[in-house]
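Each chain, letter by letter, is given below.
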Amino acid sequence: MASNEELFKKIIAHAKEYGFVFPSSEIYDGLSAVYDYGPFGVELKNNIKAYWWKSMVQYHENIVGLDSAIFMHPTVWKASGHVDAFNDPMIDNKDSKKRYRADVLVEDFILKIEDKIEKEVDKAANRFGDTFDEKMFRETNPRVQENLKKIEEIKQRFYPALERNDLADVKLLIEELGIVCPISGSRNWTDVRQFNLMFSTQMGSVNEDANAIYLRPETAQGIFVNFLNVQKSARMKIPFGIAQIGKAFRNEIVARQFLFRMREFEQMEMQFFVRPGEEMKWYSYWKEERMKWHLSLGMSEDKYRFHDHDKLAHYANAAADIEFEFPIGFKEIEGIHSRTDFDLGAHQEYSGKKMQYFDPELNESYVPYVVETSIGLDRTFLAVLSNSYHEEKLEDGSERVVLGIPAHLAPIKAAILPLMKKDGLPEKAKELLDTLKYDYRCFYEEKDTIGKRYRRMDALGTPFCITIDHQSLQDNTVTIRDRDSMKQERIGMDDVSGILREKIGR
Ligand code: ATP
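Owing to the predicted nature of the structure, the values given are computational and were not obtained by experimental measurement.

Considerations on the site of the ligand
Thought 1: Neighbouring residues of the ligand: 17 residues in total, closest Glu252, Arg261, Met262, Glu332 and Ile333.
Thought 2: One of the backbone nitrogen or oxygen atoms of Phe260 is found 3.3 Å away from a nitrogen atom of the ligand.
Thought 3: One of the backbone nitrogen or oxygen atoms of Gly376 is found 3.0 Å away from an oxygen atom of the ligand.
Thought 4: Burial of the ligand by the surrounding chains reaches 87%, relative to a free accessible area of 600 Å².

A look at the packing of helix H2 (residues 39-58) against helix H13 (residues 377-388)
Thought 1: Between H2 and H13, the least distance of the axes is 10 Å, while the angle of their chain directions is 110°. If you check the angle between H2 and H13, you find them roughly perpendicular. The two elements H2 and H13 meet at a crossing, and its hand is right-handed. Between H2, through Gly41, Leu44, Lys45, Ile48 and Lys49, and H13, the contact on the second element is made entirely by Leu377, Asp378, Thr380, Phe381 and Val384.
Thought 2: Looking at the contact of H2 with H13 residue by residue, the classes come out as 5 nonpolar, 2 polar and 3 charged.

Here's the deal with the nonpolar core
Thought 1: Ranked by internal contacts, the top residues of the largest apolar core, which has 65 residues, are Phe20, Trp52 and Phe381.
Thought 2: Each of domain 1 (2-73 + 214-386) and domain 3 (412-504) gives at least three residues to this core.
Thought 3: In this structure, Leu105, Phe137, Val144 and Trp189 belong to the second largest nonpolar core, which totals 29 residues.

Some words on the pattern of salt bridges
Thought 1: Applying the stated rule across the entire model yields 44 salt bridges.
Thought 2: For the salt bridge of Arg157 with Glu176, the shortest nitrogen-to-oxygen distance reads 2.9 Å. With Arg157 in helix H7 (residues 142-163) and Glu176 in helix H8 (residues 167-176), this pair connects stretches of sequence that are 19 residues apart.
Thought 3: Residue Arg157 is classed as partly exposed on the basis of its relative accessible area of 25%.
Thought 4: For Glu176, a relative accessible area of 52% corresponds to the exposed category.
Thought 5: Each of Arg157, Arg164, Asp166, Asp169 and Glu176 takes part in a single network of salt bridges with overlapping partners.

Scoring rules and cut-offs
- Residues numbered from 1 in each chain as written.
- Predicted model: local features only at pLDDT ≥ 70, side-chain atom pairs only at ≥ 80, totals over all residues.
- Heavy atoms only, no water.
- Near = heavy atom within 4 Å.
- Polar contact = N/O pair within 3.5 Å; in protein donor to acceptor, adjacent residues only side chain to side chain.
- Areas by Shrake-Rupley, 256 points an atom, 1.4 Å probe, with all protein chains shown as cover.
- Axes fitted to C-alpha atoms, helices over the stretch in contact; angles between N-to-C directions.
- Helix = DSSP H or I, 4+ residues; strand = E, 2+ residues; numbered from the N terminus.
- Parallel < 35°, antiparallel > 145°, perpendicular 65-115°, else oblique.
- Left-handed = near helix turned anticlockwise from the far one by under 90°.
- Contact = heavy atoms within 4.5 Å.
- Nonpolar A, V, L, I, M, F, W, Y, C, P; charged D, E, K, R; others polar.
- Core = buried A, V, L, I, M, F, W, Y, C linked by side-chain atoms within 4.5 Å.
- Buried < 20%, exposed > 50% of the residue type's maximum accessible area, 1.4 Å probe, protein only.
- Domains from an automatic or database assignment.
- Salt bridge = Lys/Arg side-chain N within 4 Å of Asp/Glu carboxyl O.

No statement about biological role is implied by the geometric values presented.
Put into structure tokens, the structure is as follows:
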């Protein structure tokens, strides 16, 4: 059994070999934390996007879409608070010269204490067997209690220090906790500094008065500034939502971990505009709805959990993450935030334009409150890819790598494979391809033995392989092979389309 780190490396290698994800500018040794999606990656990514768009926009008559520009007026980012507050505290280890996020160092330290508690509970559960009362144990065991107290003390000191921007105290805490650099093992830390995560560039030629502008760090602001344009043109009534899929850019301090933390990535966001005072109701509603969406992707329930935030961003009055169990552990895949009227209020103030909605039922105007759902497309891609990667030992002793991607998301739905490259089999296969390709992304391949072609399709996550052989020429039948069970069935060629529709579902 591969360790999680090894498994993660294998998934990254697989993604490259099979045309899912390539490092950007690889011939120049790559660009840190930037990736390109290959021929099969782009299909999977598009399928995830389409599924999200359908479930958010098409299935909700009160949500409409938007595609706003990446570049925005620089004052947008002043108003939104990003110029002043979109920072991460960073710290360097003087011996290893490695840079870390100070908040991540402390949070990882807390996780380690939580791990200790869980180990203590597991040990006791094994010792006491059926008679074990977990709740009572957690509440009374001195070691568990001591560790819980320690966590609470760290949180009580750490989050207020961040809030006050007291970076000297954050450093002191790191020193007092004895946190060491995982590379050098030393406690030789620099001071903690704030680092703004926005990329900036120049608009206009150098000769003109070129203005500094930012690459958007989130897609949400394009929605906020267009709030009235959308509301009026699409005749929306509160509560309503605006959904958008698009690129966002963050100059992340620590950008390792493949698609999990990129400097250029894609978000799928929805801002839901509600009456002031009703935001908590909608916040709970969207938390549940979004979890249901994740479960509908076809991955198991125990892979997901909620994490309610202790430390809230400058714009939020409630926030939770949906976390997914990646090979690198449980990590955020989506955030659900109650953003109050912070953004619309700030844009109203900075632009001098009213950002209000006239509510005909209440007969009054107000700045709406906003509940947002913000999911990373690349992290969802990584979740699907890593969750579906399996190495299997087969009955005949051979091995295969198979991507068990849910059929509705699979990059290729059906491979069309003539058994041989002669005797009219390719022509017959292409006949079938021509009937299927308008409804399904198919893949035609005639090279290599049929066994090798099946393996390749398994590695790409293709749920169905359809093989055309000599019998097909006589009685118009083909075999259809199921990726997961590897079972083959003989069916009429005219039935293929109906069977795919039934099995792929959506
Ligand atoms: P983190 O705490 O991991 O930095 P965040 O809380 O800053 O994430 P949000 O601002 O809530 O993230 O962004 C919403 C979503 O966008 C996240 O849930 C995540 O899926 C995605 N996302 C954020 N930053 C990145 C990144 N650097 N690379 C890939 N996806 C990202």
